[in-house]
Amino acid sequence: MEEPQEYKTPKALLVAVIGMGVLIVVGVVVLAGVLIHRMSSKPTPPNLPPVALSDAAPSANLSTAHATLPAGEHLLSVTRVRDNVLALHVTEQGQDRILLWDVPTGQLRTGLDINAAH
């Protein structure tokens, strides 16, 4: 009777499997390092020119945009929607609304009423 022959793994396959395993380990270590570095570093602020803040009236060469809210409404936040259009989050007696402000024309457009579910 013949003895069964042992199967030998080809060396190329063995080298490929070990190489891929090493690449996986190195990739995970690099990814963890990048995540730790990004989480621990402080975000860099954008390079904006310094602006002096004061209570003085604006200078004549700068135009000032004005939006007048109805009486009793309070501004909670402002968000840029697109160029020259801002979304104003306002509240009046617990009722929140979103208004759209076209800055160049100064027009306030009705937006969205936000009703809290009771």
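Residues numbered from 1 in each chain as written. Predicted model: local features only at pLDDT ≥ 70, side-chain atom pairs only at ≥ 80, totals over all residues. Heavy atoms only, no water.

Observations regarding the overall build of the protein chain
Consideration 1: When you go through the protein chain residue by residue, the secondary structure sums to 1 helix and 4 strands.
Consideration 2: Along the chain direction, N to C, the helices and strands of the protein chain fall in the order α-β-β-β-β.
Consideration 3: Looking at the protein chain as a whole, 8% of its 118 residues are labelled buried.
Consideration 4: Sequence-distant contacts, at least 24 apart, represent 12% of the contacts inside the protein chain between residues at least 6 apart.
Consideration 5: Carbon and sulfur atoms make up 62% of the accessible area of the protein chain, which amounts to about 10,900 Å² in all. (Helix = DSSP H or I, 4+ residues; strand = E, 2+ residues; numbered from the N terminus. Buried < 20%, exposed > 50% of the residue type's maximum accessible area, 1.4 Å probe, protein only. Contact = heavy atoms within 4.5 Å. Areas by Shrake-Rupley, 256 points an atom, 1.4 Å probe, with all protein chains shown as cover.)

Some remarks on the UniProt feature "transmembrane region" (unreviewed entry) in the protein chain
Consideration 1: When the UniProt feature table is mapped to this numbering, "transmembrane region" (unreviewed entry) covers residues 12-36.
Consideration 2: Overall, residues 12-36 shows 100% helix and 0% strand. The separation of its end C-alpha atoms is 36 Å. (UniProt positions renumbered as here; feature names shortened; annotations may be inferred.)

Considerations on the pattern of salt bridges
Consideration 1: Under the definition given, this model contains 2 salt bridges.
Consideration 2: Note that E73 is salt-bridged to R97, the shortest N-O span being 2.6 Å. One end of the pair, E73, is in the loop between helix 1 (11-40) and strand 1 (74-82); the other, R97, is in strand 3 (residues 95-102), with 24 residues separating them in the sequence.
Consideration 3: Exposure remark for E73: the relative accessible area of 10% places this residue in the buried category.
Consideration 4: A salt bridge links R80 to D83; its shortest N-O distance comes to 2.5 Å.
Consideration 5: R80 sits in the exposed class, given a relative accessible area of 57%. (Salt bridge = Lys/Arg side-chain N within 4 Å of Asp/Glu carboxyl O.)

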